[in-house]
Amino acid sequence: VRALRADHTAWALVAFGGVLLAATGCHHGPSKPTTVVVYVVDTQRADHLGTYGATRPTSPHLDDFAAKSLVFDRALTHASWTLPAVASLLSGLYPAEHRATRDPRDEYRYSHLAPEVTTLATVYHDAGFTTGAWVDNVFLAPEFGLKRGFDVYDYSGGDGSEERSAHATVAAALGWLGTQRGPALLYLHVMEPHLPYMPPEHLRLRFTGPGEPPVPVPFGMGELLGKLMNRLWVPSAEQQDYILKMYDEEVLAADEAFGELLDGLEHAGRLDRAAVVFTADHGEEFWDHGGFEHGHTLFGEILHVPLVIRLPGVPPARLATQVSHVDLFQTLVALSGQQAPAGTHGEDLRIFAADPVRAAAPRVTLSEDCLYGPPLAGITAGSYRLVANLQTRVAQVYHLDDHAQGDTLVTDPTEREPVGNDLMKQLKTLRGDLEMHQPAETTLLDGEKVQKLRALGYVD
Ligand SMILES: [Zn+2]
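Residues numbered from 1 in each chain as written. Predicted model: local features only at pLDDT ≥ 70, side-chain atom pairs only at ≥ 80, totals over all residues. Heavy atoms only, no water.

J.: Help me understand the coordination of the zinc ion, please; the structure alone is not making it clear to me.
T.: Six octahedral donors around a metal ideally sit at 90 or 180 degrees from one another, while four tetrahedral donors ideally sit at 109.5 degrees. Protein-derived ligands of the zinc ion are Asp-42 (OD), Asp-42 (OD), Thr-82 (OG1), Asp-281 (OD) and His-282 (NE2), with the metal-ligand distances lying across 2.1 to 2.7 Å. Positions of the donor residues of the zinc ion along the chain correspond to the pattern D-x39-T-x198-D-H. With a gap of 199 residues between them, Thr-82 in helix α3 (residues 82–91) and Asp-281 in the loop between β8 (274–280) and β9 (285–286) connect regions that are remote in the sequence. The buried category is assigned to Thr-82, whose relative accessible area is 0%. (Donors = N, O, S within 2.8 Å, 3.2 Å for Na, K, Ca; no water. Helix = DSSP H or I, 4+ residues; strand = E, 2+ residues; numbered from the N terminus. Buried < 20%, exposed > 50% of the residue type's maximum accessible area, 1.4 Å probe, protein only.)

Here is the structure:
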């Protein structure tokens, strides 16, 4: 099955080359970018960005960038928390395959990337690019294995109160880029909208306005976070409104740094031939289904992520096709000129921009792995999502809106049974089975890492 998938991908890419040439009228062949930048905003909900309909002006730089880019309205991540989500983005594999996941039987054990996995950075390295990553999430610490293939892996996983700012992350990456002559791949992962909410001085109060805050600031630390995560305390409507406004001030800070990144690429003379991606590892729950934070569920507010891609020579477009991070992986691999590693999933996203028939075809997406509670696996297809509890062997079916969000439980058995059976079959096909997979090599984190996780609210 794996060999067939790889072959299929190769054929799709060959077919695609012809389509793009026709669509763009380019007679010199598709332009290969010399700089490829992936900007990941941790915990960035799509619907809190202007491009995706936010009511507050949270993202002027992204909105401007999106007008010149491919904007995917229905992009999904493959996991509910950082490690497995980023591992899928960087490997083109689902969580059960790359195994950088939580141990399904133990909430406090996390596995690193399986040793045989080829990463995007390795692919780019082999294509003659220098490769650099600037990451600030403790689950991206080098021992989790996502540094594979990066020449430079600048990990700065401070605890919640001392995390590196997006501004500083961008400055570090641009500083490095300034010393590079040839083609370069950059992966930036910024932490602003992740808890705790403590917007930078110059943006603080932008949306909340002055006055006595109805919640502690910084918000979402210590004992209070434990109560929130365990649903022992639900803030009032006024408090929730204030918390959302602080989150949006953090979104604005990540957007401001994104603007600095684009400016820096332009000053370096690299922007014209750069491929630039804006996305998120996962979203955040704001009591949409009664809960708060991420890593607990597979609802749309967690799985729906922004995906905006600017590619040299590709005209701007807005697409409703359901896509995901493994598709982003295939797109980036294709841009490097290399073959996709065997067994990887997804399709080059440019196909959907060039071919309306392909763009309209139905697609399914597998998402799994939670940081807390029983192991869940979900599948999203059209207007439905099925979420299966791999421990209790119980599955639920939800109705979705156009953005694969708004999950409402399907209760009518005449609808639920046929849809559920079909989705269950598709889930089994994509995942191979419905078993809880034991991570091949489980890493029990050292005391210092556990301290940092605790500071971020991950460990009680
Ligand atoms: Zn994350």
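J.: Even after reading the chapter, I still don't get unusual backbone geometry, so can you show me in this structure?
T.: Among all residues except glycine, the phi angle is most often negative; among peptide bonds, the trans geometry is most common. Cis geometry is found at the peptide bond from Leu-195 to Pro-196, where omega equals -10°. Relative to the assigned elements, Pro-196 resides in the loop between β7 (184–190) and α7 (222–229). Val-217 connects to Pro-218 through a cis peptide bond whose omega is -5°. Structurally, Pro-218 can be placed in the loop between β7 and α7. Here the phi dihedral of Leu-205 falls at roughly 80°; this positive angle occurs in a residue that is not glycine. Residue position: Leu-205 is located in the loop between β7 and α7. On the accessibility criterion, Leu-205 (37% relative accessible area) is partly exposed. With phi around 60°, Trp-287 is a residue other than glycine that occupies positive phi space. With respect to the secondary-structure elements, Trp-287 resides in the loop between β9 and β10 (292–293).

J.: Looking at this model, I keep getting lost on α3. Mind explaining?
T.: Side chains three or four residues apart in an α-helix point the same way, a direct result of the helix having 3.6 residues per turn. Burial analysis of α3 places ten of its ten residues in the buried class, the great majority of the element. Buried residues of α3: Thr-82, Leu-83, Pro-84, Ala-85, Val-86, Ala-87, Ser-88, Leu-89, Leu-90 and Ser-91, and no others. Following α3 by one or two positions, Gly-92 has its phi on the positive side, about 70°.

J.: Looking at this structure, I do not really get the packing of helix α6 (residues 166–177) against helix α8 (residues 237–267). What am I missing?
T.: To characterise two packed helices, one gives the angle between the axes of the helices and the distance between these axes. Packing of α6 against α8 leaves a shortest axis separation of 8 Å and a crossing angle of 15°. What the angle tells us is that α6 and α8 run roughly parallel. In terms of crossing hand, the pair formed by α6 and α8 is right-handed. Contacts from Ala-166, His-167, Val-170, Leu-174 and Leu-177 in α6 reach Ala-253, Ala-254, Ala-257, Glu-260, Leu-261, Gly-264 and Leu-265 in α8. Of the residues that constitute the contact of α6 with α8, the class distribution is nine nonpolar, two polar and one charged. (Axes fitted to C-alpha atoms, helices over the stretch in contact; angles between N-to-C directions. Parallel < 35°, antiparallel > 145°, perpendicular 65-115°, else oblique. Left-handed = near helix turned anticlockwise from the far one by under 90°. Contact = heavy atoms within 4.5 Å. Nonpolar A, V, L, I, M, F, W, Y, C, P; charged D, E, K, R; others polar.)

J.: Explain the side chain of Asp-348 here, please?
T.: With respect to the helices and strands, Asp-348 occurs in the loop between α10 (325–336) and α11 (350–354). Within the structure, the side chain of Asp-348 is placed 2.7 Å from the side chain of Arg-350, a separation counted as a polar contact. (Polar contact = N/O pair within 3.5 Å; in protein donor to acceptor, adjacent residues only side chain to side chain.)

J.: Sorry, what's going on with the pairing of strand β1 (residues 35–41) here?
T.: Look at any regular strand and the pattern is simple: side chains alternate between the two faces of the sheet. Counted residue by residue, β1 has seven buried out of seven residues, so it is predominantly covered. Side chains Thr-35, Val-37, Tyr-39 and Val-41 of β1 all project onto a buried face; the interleaved residues Val-36, Val-38 and Val-40 project onto the opposite face, where all are buried too. Two strands pair when backbone bridges link them, and β1 and β7 are joined in this way by seven bridges, in the parallel orientation. Along β7, the bridge assignment pairs Val-41 with Val-190. (Pairing = 2+ DSSP bridges.)

J.: Which parts of the structure should I look at to understand the sheet that holds strand β5 (residues 130–135)?
T.: Hydrogen bonds between backbone groups are what pair the strands of a sheet, and the pairing can be parallel or antiparallel. Taking strand neighbours across the sheet as the criterion, the eight strands line up as β6-β5-β7-β1-β8-β11-β2-β12 in an open arrangement whose pairing is mixed. Bordering the open sheet on either side are β6 (152–155) and β12 (317–324), each of which pairs with just one other strand. For this sheet, the mean angle separating the axes of adjacent strands, direction not counted, is 15°. Pairing analysis gives six bridges linking strand β2 (residues 70–76) to β12, with the strands arranged parallel. Looking at β12, one finds that Leu-70 is bridged to Ala-317. Sitting on the sheet, α10 touches β1, β2, β8, β11 (304–310) and β12, and the angle it makes with β8 is about 165°.

J.: Can you walk me through the environment of Arg-109 in this structure?
T.: Mapped onto the secondary structure, Arg-109 falls in strand β4 (residues 106–111). Sequence spacing of Arg-109 and Leu-371 is 262 residues, and the spatial spacing of their C-alpha atoms is 9.8 Å.

J.: Before we go on, may I ask you to explain α10 in this structure?
T.: The end-to-end C-alpha separation of α10 is 17 Å, in line with the 16 Å expected for twelve residues at 1.5 Å each. Of the positions making up α10, those classed as buried are His-325, Val-326, Asp-327, Leu-328, Phe-329, Gln-330, Thr-331, Leu-332, Val-333, Ala-334, Leu-335 and Ser-336. Just downstream of α10 lies Gly-337, where phi reads positive at about 85°. (Expected span 1.5 Å × (residues − 1).)

J.: Got a minute to help me understand the sheet that holds strand β16 (residues 394–399) in this structure?
T.: Read across the open sheet, the five strands follow the order β13-β14-β15-β16-β17; overall the sheet is antiparallel. Edge strands, defined here as strands with exactly one partner in the open sheet, are β13 (364–368) and β17 (408–409). Pairing analysis gives six bridges linking strand β14 (residues 376–381) to strand β15 (residues 384–389), with the strands arranged antiparallel. The residue of β15 that forms the bridge with Thr-380 is Arg-385. Packed onto the sheet, helix α13 (residues 413–431) meets β13, β14, β15 and β16 and runs at close to 70° relative to β15.

J.: Sorry, what's going on with the environment of Glu-250 here?
T.: Note on placement: Glu-250 falls in helix α8. Glu-250 sits in the buried class, given a relative accessible area of 3%. With 84 residues separating them along the chain, Glu-250 and Ala-166 place their C-alpha atoms 9.9 Å apart. Apart from residues no more than four positions distant in its own chain, Glu-250 is found in contact with Glu-192, Pro-193, Pro-196, Tyr-197, Met-198, Pro-199 and Pro-200.

J.: For this particular structure, what's the right way to read the environment of Val-326?
T.: Take Val-326: it is sitting in helix α10. Residue Val-326 is classed as buried on the basis of its relative accessible area, which comes to 3%. When the C-alpha atoms of Val-326 and Leu-93 are compared, they prove to be 6.7 Å apart, with 233 residues separating the residues in sequence. Apart from residues no more than four positions distant in its own chain, Val-326 is found in contact with His-78, Ser-88, Gly-92, Leu-93, Tyr-94, His-345 and Gly-346.

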